[in-house]
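Spelled out, the chains give:
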Amino acid sequence: MKPTIRVIWLTFMGGTIGTLARFFIGDVSGQLMGLVLVNTLGAAALGWFNGDKRFDTAEQKAFWAVGLAGGFTTMSGLASMIVTWQTVLGWVVFAWALALFASGLASYFLAYSIARDRGAK
């Protein structure tokens, strides 16, 4: 993807919307449930955007995949929770993080497969 002004602007706009959505979901559902929701839904959204041919242009990828899904998900939130809770929960928090990571991968590949198969028809 060539970093044109339009691509940069679309990435910024998608990221802004994704970040605001993540903030509101976290605010409404709480820290733990918010983290699970945004990372699982964000991974599914990214899978959909990558699997659906309507999102194949550089501009579409910039806004939807890189911007919106990237701004919506939070690796730093996951890392922060692991570090914070590790002192209280010990190794249980690492098992929880691994389960969250696995659910993100599963939701990505499920959404990707559905979007790809839907576009093939």
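Residues numbered from 1 in each chain as written. Predicted model: local features only at pLDDT ≥ 70, side-chain atom pairs only at ≥ 80, totals over all residues. Heavy atoms only, no water.

Let us look at the layout of surface pockets. There is about 330 Å³ of room inside the largest pocket. When contributions to the lining of the largest pocket are tallied by element, the ones reaching two or more residues are helix H2 (31-51), helix H3 (58-72), helix H4 (75-89) and helix H5 (92-120). If one sorts the elements of the lining of the largest pocket by residue count, H5 sits on top with five residues. A per-class count over the lining of the largest pocket returns ten nonpolar, six polar and no charged. (1 Å grid on protein atoms, 1.4 Å probe; cavity = no way out; pocket = protein on both sides within 12 Å on 5 of 7 lines; lining within 4 Å. Points joined across faces, edges and corners; volume = space filled by probe spheres on them. Helix = DSSP H or I, 4+ residues; strand = E, 2+ residues; numbered from the N terminus. Nonpolar A, V, L, I, M, F, W, Y, C, P; charged D, E, K, R; others polar.)

For the rest of this paragraph, the subject is the environment of Asp27. As for its position among the elements, Asp27 is in helix H1 (residues 5-29). Each C-alpha atom, one on Asp27 and one on Ser103, is 22 Å from the other, the two residues being 76 residues apart in sequence.

In this section: H3. Taken together, the buried positions of H3 are Lys61, Ala62, Phe63, Ala65, Gly67, Leu68, Ala69, Gly71 and Phe72. For H3, the elements touching its buried residues are H1 and H2. (Buried < 20%, exposed > 50% of the residue type's maximum accessible area, 1.4 Å probe, protein only. Contact = heavy atoms within 4.5 Å.)

This part covers a nonpolar patch on the surface. Together, Leu98, Phe101, Leu105 and Phe109 line one region of the surface with nonpolar side chains, adding up to about 440 Å² of accessible area. Here Phe109 lies in helix H5. (Patch = residues over 30% accessible without salt bridge, like charges linked within 9 Å, V, L, I, M, F, W, Y side chains within 5 Å. Areas by Shrake-Rupley, 256 points an atom, 1.4 Å probe, with all protein chains shown as cover. Salt bridge = Lys/Arg side-chain N within 4 Å of Asp/Glu carboxyl O.)

All right, on to the side chain of Ser107 then. Of note, Ser107 is situated in helix H5. Within the structure, Ser107 has its side chain in polar contact with the backbone oxygen of Gly104 (distance 3.0 Å). (Polar contact = N/O pair within 3.5 Å; in protein donor to acceptor, adjacent residues only side chain to side chain.)

The biggest cluster of nonpolar side chains holds six residues, and these are Leu35, Leu78, Met81, Ile82, Ala97 and Leu100. Of all the secondary-structure elements, those providing two or more residues to this core are H4 and H5. For this core, the element with the highest residue contribution is H4, accounting for three residues. Leaving out residues up to four positions away in the same chain, Leu35 has contacts with Thr74, Gly77, Leu78, Met81, Trp96 and Leu100. (Core = buried A, V, L, I, M, F, W, Y, C linked by side-chain atoms within 4.5 Å.)

Below, the discussion takes up the packing of aromatic side chains. Enumeration over the complete set of coordinates arrives at ten aromatic pairs. Geometrically, the ring pair formed by Phe55 and Trp64 is edge-to-face, given 5.8 Å between the ring centres and 70° between the ring planes. Centroid distance Trp91 to Phe94: 5.0 Å. Interplanar angle 45°. Geometry classified as tilted. The class of Trp91 is exposed, set by a relative accessible area of 69%. (Phe/Tyr/Trp six-rings, centres within 6.5 Å; stacked < 30°, edge-to-face > 60°.)

The next point concerns the environment of Val88. If you trace the backbone, Val88 turns up in helix H4. A relative accessible area of 68% means that Val88 is categorised as exposed. In this structure, the C-alpha to C-alpha distance between Val88 and Leu10, residues 78 residues apart in sequence, is 41 Å.

Looking now at the pattern of salt bridges. In total, this model carries two salt bridges according to the counting rule given. For the salt bridge of Arg54 with Asp52, the shortest nitrogen-to-oxygen distance reads 2.7 Å. Residue Arg54 is classed as exposed on the basis of its relative accessible area of 53%. The class of Asp52 is buried, set by a relative accessible area of 6%. The partner of Asp117 in a salt bridge is Arg116, with the nearest N and O atoms 3.8 Å apart.

Read these as layout, nothing more, since geometry by itself doesn't imply function.
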